[in-house]
Structures are given as C-alpha cells and as structure tokens.
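Survey of secondary and tertiary structure
Each chain, letter by letter, is given below.
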Amino acid sequence: MYPPLTPSAGPRSRIGLILWFLLQWLLVPLDLLLRLVAVPFIAASDLLTDGAFDAEVLRVLFKPLTRWVGPARFAREWGTDQRRWDRHMNRLCDIALRAHRRHQQGGTGFRGWTYLRYGSQGNTLLISPKDYRGLTAERIHTIAGARGLAARSGGPFGITLAPATERRAAP
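Here goes a summary of the coordinates provided.

1. Some words on the packing of helix α4 (residues 82–104) against helix α6 (residues 137–146)
- With their axes 10 Å apart at the nearest point, α4 and α6 run at an angle of 45 degrees to one another. In terms of orientation, α4 lies oblique with respect to α6. Here α4 runs over α6; the crossing is right-handed. Across from Q82, D86, M89, N90 and C93 in α4, the residues of α6 making contact are R139, I140, I143 and A144.
- Broken down by class, the residue content of the contact of α4 with α6 amounts to five nonpolar, two polar and two charged.

Structure follows, in structure tokens:
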C-alpha cells in the first residue's frame, strides 16, 4: 500500500485547454510584465529587512512561465494516451535523480529553469498537481519506485520526489 498523494488537478476540459492555449499569448506576457515591475520592490524590501538577496524572488518573477502550455503539454493534456504521461513522469524522475547526484557532489541540487520551476529544499523535486493530472497515485509510485525515488504528498503544492533511501532515514 502506497502513502496517499495530493490529488492532481484532474483532467482539464478540452474547451478550457483551448481557451487557455489561446489566451496565454496575452495573459502570460502581461503577468510577466507586471511581475517585472513588482519584483524590484520585493527584492529591495528583502534587502532592507534582512540584508540579503533571496533567490526565491526569481521564482516569483518567472512563475507565469510555468503556466505556459506548449505543444508537448497541449498534446499530453488533449489526448488520452497514458504513455505520454508516463514519459513526462519519467523525465521528472530523471530531473530529480540528476539534482540528487549534483547535491551529493556538493553542488546545488537544482540549476536554471529546473530550479525556477521545480526547485525546493535540498534535492527534493516539488511537482505541481497540473504536472501529473493524467496519472493515478499508484502509477506515480510505480514510476518513481522503479527509479529509486519515493513520492510523498507535498501538501496543496503537489507531490515531492526524493531518493527513497533518504526518505526512509527521515523521521
């Protein structure tokens, strides 16, 4: 029996998917532009209060880009082909494993876009419910377990993927 996971966002309606795919060309750049104006104020406030720049501000800035629906994601969400969702989860597991290896070698677990999109503490990958909406909890556990990872609920933020050995050692 697997531990329960945060439920996915569920399949998106096709009408909603088409509407978002069309509207994103206006809304995502507008959101990004508004954040470009707001982030300097957030960063200045951060510097004034604790004297250090927190890289999490960059995650706030690029958050609109994580909502972007490109051709691969559109095809994955439009169809009912389970293999596409499996391949996507396998890619996410590969990202988590690479971050774990970098973390073990003394580097930062996540870099670049991976950090901005999925990075969380240490080498744990935090996956949004929209990134596994086509998978059941059992399928997520099966794919992650085959790669030596453990999937756990990340609360309302989705699920976390981390090496299974580290999960067992944690209280």
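Next comes the rest of the account.
2. Some points on the pattern of salt bridges
- Enumeration over the complete set of coordinates arrives at eight salt bridges.
- With a closest N to O distance of 3.0 Å, E77 and R73 form a salt bridge. Note that E77 and R73 are positioned in helix α3 (residues 71–78) at a spacing of four residues, about one turn of the helix. The burial state of E77 is the same as that of R73; both residues are buried.
- A salt bridge links E77 to R133, with the shortest nitrogen-to-oxygen separation between them at 3.7 Å. Of this pair, E77 sits in helix α3 while R133 sits in the loop between β1 (125–127) and α6; the two residues are 56 residues apart in sequence, bridging distant segments of the chain.
- Note on E77: relative accessible area 8%, which makes it buried.
- Members of the salt-bridge network, linked through shared partners, are R12, R73, E77 and R133.

3. Digging into a nonpolar patch on the surface
- On the surface, I15, L19, L23, L26, L27, L30, L33, L34 and L36 cluster together into a nonpolar patch covering about 880 Å² of accessible area.
- Mapping L23 onto the fold places it in helix α1 (residues 14–50).

4. Comments concerning the packing of aromatic side chains
- With the rule as written, the count across this model stands at four aromatic pairs.
- Pairing W25 with W68 gives two aromatic rings, centres 4.7 Å apart and planes at 85 degrees, and the pair type is edge-to-face. With W25 in helix α1 and W68 in the loop between α2 (56–66) and α3, this residue pair connects regions lying 43 residues apart in the sequence.
- When the ring of F74 is compared with that of W78, the centres are 5.6 Å apart and the planes differ by 15 degrees; the resulting orientation is stacked. Highlighted residues: F74 and W78, both in helix α3, separated by four residues, approximately one helical turn.
- Judged by relative accessible area, F74 falls into the partly exposed class, the value being 21%.
- Taking the ring centre of W85 as reference, the NZ or CZ of R76 above it sits at 5.2 Å.

5. Looking at the packing of α3 against α4
- Their axes nearest at 9 Å, the elements α3 and α4 cross at an angle of 130 degrees. For the element pair α3 / α4, the angle class is oblique. Contacts between α3 and α4 involve A75, R76 and E77 from the former and R84, W85, H88 and R91 from the latter.
- A per-class count over the contact of α3 with α4 returns two nonpolar, one polar and four charged.

So, how was this worked out
Residues numbered from 1 in each chain as written. Predicted model: local features only at pLDDT ≥ 70, side-chain atom pairs only at ≥ 80, totals over all residues. Heavy atoms only, no water. Axes fitted to C-alpha atoms, helices over the stretch in contact; angles between N-to-C directions. Helix = DSSP H or I, 4+ residues; strand = E, 2+ residues; numbered from the N terminus. Parallel < 35°, antiparallel > 145°, perpendicular 65-115°, else oblique. Left-handed = near helix turned anticlockwise from the far one by under 90°. Contact = heavy atoms within 4.5 Å. Nonpolar A, V, L, I, M, F, W, Y, C, P; charged D, E, K, R; others polar. Salt bridge = Lys/Arg side-chain N within 4 Å of Asp/Glu carboxyl O. Buried < 20%, exposed > 50% of the residue type's maximum accessible area, 1.4 Å probe, protein only. Patch = residues over 30% accessible without salt bridge, like charges linked within 9 Å, V, L, I, M, F, W, Y side chains within 5 Å. Areas by Shrake-Rupley, 256 points an atom, 1.4 Å probe, with all protein chains shown as cover. Phe/Tyr/Trp six-rings, centres within 6.5 Å; stacked < 30°, edge-to-face > 60°. Lys NZ or Arg CZ within 6 Å of the ring centre and 35° of its normal.

It is worth stressing that arrangement in space is one thing and function is another; only the former is reported here.
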